[in-house]
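# Observations on chain architecture
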Amino acid sequence: MDILNEVFFPLLQLGIGIRESLHLEAPLPESTWKELLTLARKQAVTGIVMDGILKLPAEYLPPTPIKLKGIQQLLRIEQLNRRLNGEVVQVSEFLQAEGYACTILKGQGIARYYPNPLHRMPGDIDVWPDAEPAVLRKYGRKKFYDKEWSLHHTHFPILKETEVELHFQPSYMYNPVTNTQLLAFCRKHRKACAGNRVLLEGTDRPVAVATDTFNRVYVLQHIMRHLFSEGIGLRQLTDYALVLRKGMTPTEKEETLQTLRRMNMEGFAEAVMYVLQTVFALEPEYLLCPPDEKKGKLLLEEILEGGNFGFYDRRGNKRNLANKVKKRAHKFLRVFSLAPSEAVWSFLFFTRAFFQRRWHRLKLSNRFELSATAYRANVLIYTPDYKFGVTRLPQSATGTIHNQRTSRQIANPTGQVHTFFPTSSKQFTLYQKKSGFSDKRQRKRRLLFWE
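Heads up: these notes are all about the structure in this document. (Residues numbered from 1 in each chain as written. Predicted model: local features only at pLDDT ≥ 70, side-chain atom pairs only at ≥ 80, totals over all residues. Heavy atoms only, no water.)

### Topic: the overall build of the chain
- Helices and strands together make up the secondary structure of the chain, namely 15 helices and 14 strands.
- Split into buried and exposed, the 451 residues of the chain put 50% on the buried side.
- Counting contacts in the chain only where the partners sit at least 6 residues apart, residues at least 24 apart contribute 66% of the total.
- By element, 52% of the accessible surface of the chain is carried by carbon and sulfur atoms, the whole surface being about 22,100 Å². (Helix = DSSP H or I, 4+ residues; strand = E, 2+ residues; numbered from the N terminus. Buried < 20%, exposed > 50% of the residue type's maximum accessible area, 1.4 Å probe, protein only. Contact = heavy atoms within 4.5 Å. Areas by Shrake-Rupley, 256 points an atom, 1.4 Å probe, with all protein chains shown as cover.)

### Regarding the pairing of strand β4 (residues 164-167)
- Neither face of β4 is left uncovered, since the one carrying V164 and L166 and the one carrying E165 and H167 both have all their residues buried.
- Across three bridges, strand β2 (residues 125-129) lies against β4 in parallel orientation. Note on β4: the bridge partner recorded for V127 is L166.
- The sheet contact formed by strand β3 (residues 153-155) and β4 spans three bridges and is antiparallel. What sits directly across from H155, in β4, is E165. (Pairing = 2+ DSSP bridges.)

### Let's talk about the layout of surface pockets
- Of the pockets and cavities examined, the second largest pocket occupies roughly 230 Å³.
- Around the second largest pocket sit R137, L151, Q169, Y172, M173, Y174, P176, N179, W345, L348, F349 and R352, which together line it.
- Secondary structure elements with two or more residues in the lining of the second largest pocket: α7 (176-194) and α14 (340-364).
- Ranked by the residues each element gives to the lining of the second largest pocket, the list is headed by α14, at four residues.
- Of the residues assigned to the lining of the second largest pocket, the class counts are eight nonpolar, two polar and two charged. (1 Å grid on protein atoms, 1.4 Å probe; cavity = no way out; pocket = protein on both sides within 12 Å on 5 of 7 lines; lining within 4 Å. Points joined across faces, edges and corners; volume = space filled by probe spheres on them. Nonpolar A, V, L, I, M, F, W, Y, C, P; charged D, E, K, R; others polar.)

### Re the sheet that holds strand β1 (residues 102-105)
- Ordered in space as β3-β4-β2-β1-β6-β5, the six strands form an open sheet in which the pairing is mixed. Bordering the open sheet on either side are β3 and β5 (197-198), each of which pairs with just one other strand.
- Of the strands in this sheet, β1, β2, β4, β5 and β6 (207-209) are in contact with helix α4 (residues 64-97), which crosses β2 at around 25°. (Axes fitted to C-alpha atoms, helices over the stretch in contact; angles between N-to-C directions.)

### Details of the side chain of S92
- Tracing the chain through its elements places S92 in helix α4.
- Beyond its immediate stretch of four places on either side in the chain, S92 contacts C102 and V207.

### A closer look at the packing of helix α2 (residues 30-42) against helix α3 (residues 46-53)
- As a packed pair, α2 and α3 sit with axes 8 Å apart at the nearest point and diverge in direction by 145°. Listed contacts from α3 to W33, L37, A40 and R41 of α2 are T46, V49, M50 and I53.
- Among the residues making up the contact of α2 with α3, the classes are represented as six nonpolar, one polar and one charged.

Written out as structure tokens, the structure is:
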């Protein structure tokens, strides 16, 4: 029995409302149901598959223990979505108070396309304030100077349980020429997105979400970028199927295709159309362009093998440098035909990033040394941040940190102030004492500081 084509894909279609019913020749064995739910979890579409399962006739439902376990997961997804919807409102209002109208990208904004928005597997919160990238970078550095940064966003830890990403720009492309086209497209639609306010499920205050016109390009580009970097799962393809299923006029379709051509994404779009037609049975009138079967089969194989964001890809998974390079090279060869220009630039991008990280670590290999005063105090638990050359400090820590960019002072409960000076390249070890700090389990921790 072909589980994918005869059961799994039809259950997805049933779950998102493309198919109205599903007839099985006979009840499935318990092992098959377990395999289906494992596959759904791997692709981050458990809620959608459970929606499909619960629409089956009673005689074809899974055994009660499996059914109850699936319902339990579904309720958990609903609970997470309700919490996330409320947090989206909090984040939006926080940035409004800071003077930035913002758009919610992907995630809870995309969930509104689903028949049941609470059954989409949630992730983090991505916010795109209505301001120029340079302004947002300055704001992010001022607000959270020590958090992780990437080309297009920084972590924005204003919530305790949910990760928030502050986007300077919605995304980026590896090819610098097409990246310019993408940024121009985003700039053109930024105001429209910030003004597209809707009510999310279970909330009473509206938030701004991306428009349908913007999502037809942005979600597809997001899929392509993650395919070349990590991997992509069926959750993102489900999002895009429902974005397209909202419909568009012939003029809007032509404008979308012109934008994709400027970004060299038309060939990749043809592969995605094949996947949407094969997996979700998307009606021809919603397809952007004719499907390409050869490219589409290659893309579908990558999706099924890697799972959500490539987390389940076991090809060349040994964690050493040689295998990482080998895995990256093999992936480049596999996906090259889907978007040749982007593939070549992505390979150059990751090669350059690899050597940049190594050079950066080399430069930081002797960054900080404790001054004599701080060394005698012997109560510090500073740790170096390898990526940014500043230190991460626990709330109870104390001191002033000096490096090439910044100087900061923190007072501990004892009121003592200790100072770091970038001086010589001498390396030494300090053992932390427990006085003045709450973490007594790590009474002695070896600390290395570099200049």
